[in-house]
Each structure stands twice: as structure tokens, then as C-alpha cells.
Amino acid sequence: MGEEIDTGATESRRVTRLIRLPEVQHRVGLGRSTIYRWMAEGKFPKPVQLGGYSVAWAENEIDRWVADRITQST
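Residues numbered from 1 in each chain as written. Predicted model: local features only at pLDDT ≥ 70, side-chain atom pairs only at ≥ 80, totals over all residues. Heavy atoms only, no water.

(A) Examining a nonpolar patch on the surface more closely. A cluster of nonpolar residues, L18, V48 and L50, forms a patch on the protein surface that exposes about 230 Å² of accessible area. Here V48 is to be found in strand β2 (residues 48-51). (Patch = residues over 30% accessible without salt bridge, like charges linked within 9 Å, V, L, I, M, F, W, Y side chains within 5 Å. Areas by Shrake-Rupley, 256 points an atom, 1.4 Å probe, with all protein chains shown as cover. Salt bridge = Lys/Arg side-chain N within 4 Å of Asp/Glu carboxyl O. Helix = DSSP H or I, 4+ residues; strand = E, 2+ residues; numbered from the N terminus.)

Here is the structure:
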């Protein structure tokens, strides 16, 4: 009598978390200047503008970037 949950529909509505630079640095092990240089070179995900000078990165993009680096190293 319980309802089944359509996990496909749930996944498409999932909202990603936005993370700020200190957390991005901690997750990827890179410094600020390297992150911004690699962004300019197209080697690192670009942040989203939050307003004014505030930016943040989509957590899922950073996670995907890290996973890609791990895959490339094996």
C-alpha cells in the first residue's frame, strides 16, 4: 500500500550545493592562484557568480573534476 518513489525523477530535481573557495582548495589540494590559473586555461571548473564579487563552485562539478583526475592517474 506504500507509494513507490521514482528515483529517476528525484535525481533530476536534486539541487547541487555551492561551495566557496576555502572548501574547494581543501577538496582539491590546490592553492588559490593555481585554481584561478587553471580556470583561465580551461583545466578547472569555473565558479558561478553569487553577486558582487562573491563566487562559488557547484559541488558536483568539483567532485566530477576530482574523479576525472583519479581516473586519469590509473
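(B) How the structure looks around the packing of helix α2 (residues 21-28) against helix α4 (residues 59-73). Viewed as axis vectors pointing N to C, α2 and α4 meet at an angle of 20 degrees, and their least axial separation amounts to 11 Å. Taken together, α2 and α4 sit at an angle that is classed as roughly parallel. Relative to α4, α2 is oriented so that their crossing is right-handed. Residues V24, R27 and V28 of α2 touch α4, and the partners they reach there are E59, I62, D63, W65 and V66. Across the contact of α2 with α4, the residue classes break down as five nonpolar, no polar and three charged. (Axes fitted to C-alpha atoms, helices over the stretch in contact; angles between N-to-C directions. Parallel < 35°, antiparallel > 145°, perpendicular 65-115°, else oblique. Left-handed = near helix turned anticlockwise from the far one by under 90°. Contact = heavy atoms within 4.5 Å. Nonpolar A, V, L, I, M, F, W, Y, C, P; charged D, E, K, R; others polar.)

(C) Quick peek at the sheet that holds strand β1 (residues 18-19). Taking strand neighbours across the sheet as the criterion, the three strands line up as β1-β3-β2 in an open arrangement whose pairing is antiparallel. The open sheet has two edge strands with one neighbour each: β1 and β2. Taken together, the two bridges between β1 and strand β3 (residues 54-58) define a ladder with antiparallel strand orientation. When the bridges of β3 are listed, L18 appears paired with A58. (Pairing = 2+ DSSP bridges.)

(D) Region of interest: the pairing of β3. A large share of β3 lies buried, amounting to four of its five residues. Alignment of β2 against β3, held across three bridges, turns out to be antiparallel. Its bridge partner lying in β3, G51 is registered against S54. Between β2 and β3, which pair antiparallel and follow one another directly, the connecting turn spans two residues, one of which, G52, has a positive phi of 60 degrees. (Buried < 20%, exposed > 50% of the residue type's maximum accessible area, 1.4 Å probe, protein only.)

(E) Quick peek at the nonpolar core. Counting 12 residues, the largest nonpolar core consists of I19, L21, V24, V28, L30, I35, M39, F44, V55, W57, I62 and W65. Looking at this core, the elements that each hand over two or more residues are α2, α3 (32-40), β3 and α4. Setting aside its immediate chain neighbours within four residues, I62 contacts I19, V24, R27, V28, F44, P45 and W57. (Core = buried A, V, L, I, M, F, W, Y, C linked by side-chain atoms within 4.5 Å.)

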